Amino acid sequence: MGDVLCEELEDLVHFSVNDMPVRGYVVMEEIRRQGKLCDVTLKVGGHMFSAHRIVLAASIPYFHAMFTNDMMECKQDEILMQGMDPSALESLINFAYSGHVSIDQQNVQNLLVGSSFLQLQNVKDACCSFLQNRLHPKNCLGVRKFAETMMCTSLYDSANVFLHQNFVEVSSSDEFLDLREEEILELVDSDELNVKDEEQVFEAVLAWVHHDQENRVSLLPELMSKIRLPLCRPQFLSDRVQQEDVIRCCHKCRDLVDEAKDFHLMLRRRHLPAFKIRPRTCSSITGLIYAVGGLNSSGDSLNVVEVFDPVGNFWERCQPMRTARSRVGVAVVNGLLYAIGGYDGQSRQSTVEVYNPETDSWTQVSSMNCQRSAMGTVVIDGLIYVCGGYDGKSSLNSVECYNPENDRWTELTEMSATRSAAGVAVFEGRVYVSGGHDGLQIFNTVEYYNHHTNRWHPSPSMTNKRCRHGATSLGGHMYVVGGYDGSGFLSSAEVFSSASGQWSHLVAMNTRRSRVSLVATGGRLYAVGGYDGQSNLSSLEMFNPDSARWTFMTPMVSHEGGVGVGCIPLQPT
């Protein structure tokens, strides 16, 4: 009997009430509201708040340090809380008991200040998230300044990104017009401004100067030196910039305008700093990449279209084109995707159709003057330029331009060489055409087109001859990848620097790719599809300039190479 009793006594039963701590805090909050058992009073201004030291110490790091480290206030019945908003302090005391606080537009800044002072990081983070989700062109500059003051790095970065993405809208706000000198100079100097053209930066600067012209006009020369005037249209320079009174009255500003005009006339070009002819690119905006037409595994031309989300790393099908097109030219203007020419499996096409992603539908527009496949297609100032290609009989040196506003194609000055399957990219405000072939030989030569003068000019040649390669620009560099050199299919890549004026080798892709499409978005390069010498490719790889590495992404679902590619920027939210 004794042995049995010992065994029973040795059994342990663990009993717990899981919600007891929560219910305990609710009871303590009720006791506090009744004014019972409170042992400390917090004073701010003419306001006094009673509370329990143990609760404050358990819930608020500031008071934990105060009450457990023998500070002077540890034994005081009343503690003065300087620099805090009374209503914010009351809300945070309530938070110590309930774990709940209401954040709105009226109290968020005071709560953030108070929670920062009391070291309540979770409340501070909630306030930052509240402000971040309510960024607007009219408040982002104020939020950015407040975040900097409060050392809220994440909120500051978010406000800064929002500012860059929405620069044009922000520039019409009262906050923008009230920027300090050092703030406007830093902003205008940024590569990251999301603008349609440099003319929008000029208009923003001029509005800021006019807002307080007497005190700000002396800063105009320095501001004008940061505006990339060579990227403005010659007509804008002459009719708008040059005619502005504050510009005409400033010798340094007039010199900067003359410098930009000389650039368009091909005078003294090499003396310009590289940044002045580098278009601004808001790398925080990542677009959707559309793969258009191309081939299936049997080599048949397709009308299929699919879209890639680089952030989510997935593909989705879109409405197919009306016509099957491989080796098709693709361009994006004002959020619309143009599919130009190509090969339908029987003949080269001159037809053009345009895709509206909002309606997921295609419509026909005017045809080119010439049938083309394997041509280069780029966009400058809202106009589409098509260079070279193949008409079914021979390679082409002809160039034409499409204006979406009047739905009209115009023939331009021919290239110096006939080029089919060349790489074409916009770089430093010019159309650059690299490599390609004329049916007999493959080139490494490069030429560029000045759309203001309608003239072609030679440029330094690539280190390797290439055709059927991808080409694009990113920042102050132009990239070419892959292609075919007459004896092999290439994985190699090259980069041209505006600073050095030379081509240099870039780390090779993971896969050999001829007939590859290359596109830049979000500060990254994407090489899509191609042919490796044995089979058409559905694969996609991404190049990160920061790490100098190529990384495979999710492959296409519906294509096996030969696609045309265009990127539609996402509108910032």
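Here the structure is shown first, and the text comes after it.
Below, the structure is looked at part by part.

Definitions and cut-offs
Residues numbered from 1 in each chain as written. Predicted model: local features only at pLDDT ≥ 70, side-chain atom pairs only at ≥ 80, totals over all residues. Heavy atoms only, no water. Core = buried A, V, L, I, M, F, W, Y, C linked by side-chain atoms within 4.5 Å. Buried < 20%, exposed > 50% of the residue type's maximum accessible area, 1.4 Å probe, protein only. Contact = heavy atoms within 4.5 Å. Helix = DSSP H or I, 4+ residues; strand = E, 2+ residues; numbered from the N terminus. Polar contact = N/O pair within 3.5 Å; in protein donor to acceptor, adjacent residues only side chain to side chain. Patch = residues over 30% accessible without salt bridge, like charges linked within 9 Å, V, L, I, M, F, W, Y side chains within 5 Å. Areas by Shrake-Rupley, 256 points an atom, 1.4 Å probe, with all protein chains shown as cover. Salt bridge = Lys/Arg side-chain N within 4 Å of Asp/Glu carboxyl O.

Digging into the nonpolar core
- Counting residues in each nonpolar core, the largest one holds 80 residues, and the members touching the most others are Leu56, Phe176 and Met224.
- If we ignore the near neighbours within four places in the chain, the residues touching leucine 56 are Val40, Leu42, Ala51, Phe63, His64, Phe67, Ile93 and Ala96.

Re the side chain of serine 173
- Positionally, serine 173 belongs in the loop between α10 (167–170) and α11 (174–177).
- Owing to a relative accessible area of 5%, serine 173 belongs among the buried residues under this scheme.
- Engagement of the side chain of serine 173 in a polar contact is seen with the backbone oxygen of valine 170, the distance being 2.6 Å.
- If sequence neighbours within four positions are ignored, serine 173 has contacts with Pro137 and Lys138.

Some thoughts on a nonpolar patch on the surface
- Together, Phe15, Val17 and Met20 make up an exposed nonpolar region whose accessible area comes to about 350 Å².
- Along the chain, methionine 20 turns up in helix α2 (residues 20–33).
- Residue classification places methionine 20 among the exposed residues on the basis of a relative accessible area of 54%.

Considering the environment of cysteine 370
- Turning to its location among the elements, cysteine 370 is positioned in the loop between β10 (361–365) and β11 (376–380).
- As a C-alpha pair, cysteine 370 and tyrosine 390 span 20 residues in sequence and 9.7 Å in three-dimensional space.
- With near-sequence residues (within four places) excluded, cysteine 370 lies in contact with Gln349, Ser350, Asp391, Leu396 and Glu400.

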